Structures are given as structure tokens and as C-alpha cells.
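# Residue-level structure breakdown
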Amino acid sequence: MRILHTSDWHLGRAFHRVNMLDAQAGFIGHLVATVREYDVDAVVVSGDVYDRAVPPLAAVELFDGALHRLADLAVPTVMISGNHDSARRLGVGAGLIGRAGIHLRTEPSACGTPVLLADDHGDVAFYGLPYLEPALVRTEFGVEKAGHEAVLAAAMDRVRADLATRAPGTRSVVLAHAFVTGGAASDSERDITVGGVAAIPAGVFDGVDYTALGHLHGSQTITERVRYSGSPLPYSFSEVDHRKSMWLVDLGPEGFVGAERVDCPVPRKLARVRGHLDDLLADPRLARHEEAWIEATLTDPVRPTEPMARLTERFPHTLSLVFEPERTPEDPDVSYARRLAGRSEQEIAEDFVAHVRGAGPDADEQAVLRDAFDDVHADEAVREVAR
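Quick notes on the rules
- Residues numbered from 1 in each chain as written.
- Predicted model: local features only at pLDDT ≥ 70, side-chain atom pairs only at ≥ 80, totals over all residues.
- Heavy atoms only, no water.
- Helix = DSSP H or I, 4+ residues; strand = E, 2+ residues; numbered from the N terminus.
- Expected span 1.5 Å × (residues − 1).
- Buried < 20%, exposed > 50% of the residue type's maximum accessible area, 1.4 Å probe, protein only.
- Arc of directions from axis to C-beta.
- Contact = heavy atoms within 4.5 Å.
- Pairing = 2+ DSSP bridges.
- Axes fitted to C-alpha atoms, helices over the stretch in contact; angles between N-to-C directions.

### Let's talk about helix α2 (residues 57–72)
Under the 1.5 Å per step criterion, the end-to-end length of α2 is 23 Å for 16 residues, consistent within 8% with the ideal 22 Å. All of the buried residues in α2 are Ala-59, Leu-62, Phe-63, Ala-66, Leu-67 and Leu-70. Projection of α2 onto a plane perpendicular to its axis shows the buried side chains occupying an angular sector of 145 degrees, all on one side. Residues of α2 that are exposed and angled more than 90 degrees away from the buried face: Leu-57 and Asp-72. Turning to α2, the residues buried within the fold contact α1 (21–37), β5 (77–80), α3 (87–90), α4 (94–98) and β6 (102–105). Where α2 terminates, the next one or two residues include Ala-74, which has phi positive at roughly 60 degrees.

### A word on the sheet that holds strand β16 (residues 293–298)
Here 3 strands make up an open sheet; going across it, the order is β15-β16-β17 and the pairing parallel. Each of the sheet's edge strands pairs with one partner strand only, and the pair in question is β15 (270–275) and β17 (318–323). Averaged over neighbouring strand pairs, the angle between their axes works out to 15 degrees when direction is ignored. Summarising the sheet, β16 and β17 pair through 5 bridges and their orientation is parallel. Bridged to Ala-296 within β17 is Leu-321. Where helix α8 (residues 307–314) meets the sheet, it contacts β16 and β17, and its direction lies at approximately 135 degrees from that of β17.

### Comments concerning the environment of Gly-91
Considering the arrangement of structural elements, one finds Gly-91 in the loop between α3 and α4. For Gly-91, a relative accessible area of 18% translates into the label buried. For the pair Gly-91 and Ile-80, spaced 11 residues apart in the sequence, the C-alpha separation amounts to 8.9 Å.

By themselves, these figures tell us nothing about what the structure is for.
If you want it as C-alpha cells, here you go:
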């Protein structure tokens, strides 16, 4: 069985000020063409179909068109909801849509109930594990402490228990939306840290032939059988070096055989340039970036006059302008944002405690801070679902 693994479409999302709907529509067309060209037997979409819980109408229309085109192929598709999706909204009509071969898996309680597809060698069981927000599903899975590893491990226990009841030789594929240890993050993913821990070990998915992951936007191999497809389009300049693609995964009669990448269309290349404004405007080596989407970091000691207007004369697709004057880190004028860059909420709060009283928080106080942040994140998740 040949499976096409994709994820993180983020329909409705813009890239800085650029509307990406046309590029997203182009990707859907490429997906359909890939299914035809490579004789794909099943498509899996591992979450974040939309960019937000209540997507704009144009994004909904694009998704509706995608469903019709996938159904017209008569190639089964399995989709799960991600942390950006509203599981309840995405799952509306799942029973009816399933009759057309589009299987939406958005209910945590159904993790152990597979979509069964067959080829000449027997059944392949596809288990859809939608994004599991620990605070919302801990009761469903009977875990004592809310955490990503605990709830995913409990969900995978259900998968393995169901698989054990299947006919010998039944192969298995799991779709999951999570941050797995060893994965490389980018700036465009929403933080899903709980309890100070975001990543879960790949070993949680032991016992299945292939795990199709979503959430991280870079295509990457965690193990031979555990992979991220990444997003098909860039959504931040931190993805400048990404090769956007999908995985073609082959399952033989004994299980996983191999995977190869299929590149996605590139609407426009990304580039990051850095230096004094006059140097950027004159450097002949930057000619190759003149038609790219640009993030320019200016290091001039004094902010130049009309920098964006001057940059767009040479680089008309400049989207982001960052000022980082050449100063030492000890310079008092170094911006507050730069000093906080890369630091978590927990670290910032602990630094504040140390600043106010002269000593950082002890282990118990760190736990209190973690619980407070987790409660806020859980409340946000509940309100997002209720919208």
C-alpha cells in the first residue's frame, strides 16, 4: 500500500502581509496530481488543516473543494484535527463525509477505533489520534497528571490493544499531532508546552508500522518509522532552509518498506539578509534574492531614514524589517525584546522573581509557576474549543 503523508496546511493563514490562499490552492492541486502520478492508495493528513478554530470563509471554501477533489479520486483519505483546528467544527458531518472515503478523526475517545483499508496483502489499520490537549482529555484517558506523554501513551495503549484483536499480519499506521523528542521546531508553530515539557519520546509510538506526525513545520525523520511531513508552505522566515515536501510511504506485506519525499510547489523563495542598509542595497551577491520574500535585519548604529522604502526599491518583496544595531549585549540600549528572545514564559517569570528578591525560586515555587502557566494555557484551550 502506498500512502501519501501530509500535514499542517494551515488554510487561511497569511505569510506576514501576504495572502496565501492562492498558494494553498496550488498545493491542493499538487496534492491531487501527486495522488494520480504516484498511484497513491491512501492519503493521511496529520492535523492543522485550518490555521485557527474559526477559519475565514475563503479557507472553508478551499477545504470544501479539497474534500470534493479527494473524494473524486476514489482514494481514501484519513484526517485528524491539530492544535490550531476546532476539533468539533472540523468533525461536523464526519459520518456522512466518511461515506465518500474521507475519514475525519477528531474525537479523542475514538483513538482505538481504526479506519480499515485493504490491499492484496490484507488489512491496514489507520488510527487517528487528534491533538490531545492534556487538560481536556486526562479524564477520558484516566491519567493522574495532565501531560502530553501521559495522554499520548494512554491513547497508544488503546491502539495496541485494538491491534492485538486484529487478524495476524494486520499492518498499522498512526496519525498524531505532537512535538516528539528529536524534532526541530520553527517560529511558526504554536507552543504546546505543558508542565514545562513539550516533547514526548518517539518510543511512545512503538508497535506500529508507521507514525505520520504533524505539528512541526519542517519535514524530518525522527526514526525510519516516525516522520514529520512538515507544512507544505512556509509560514515564518525561520523556515528559510526548509525543503517543503510530502512523504510517499510504502507498506509491504510485512509492514514498513520505505519512504521518499515529494517536493511541494514553491510560490516564492525566502531569504534573510543582514547588514548596514547601504551595504544591502549595493552588494552584488544579493542579486539572487531580488525576487524573494525578504526579511532584512539592519545593523546600522543609527536607524536609517525610510529604510523600508529604500529596501523595496531593490527587494520589492521585503516583508519583515528588523533593527539590531551593532551594540554589545551589555549595552543598556539593547532592546527588551532582544533580551527576552528565546526565553520561555517560565524562565522570564523565574528571572523576575530573582530580580525582585535577589534569589530565584526554589523547586516548589518553580512548580507553582509551572502550574499557573499550565492553568492559563488550559483555560485558553477550553475557550478556543467553546468558540
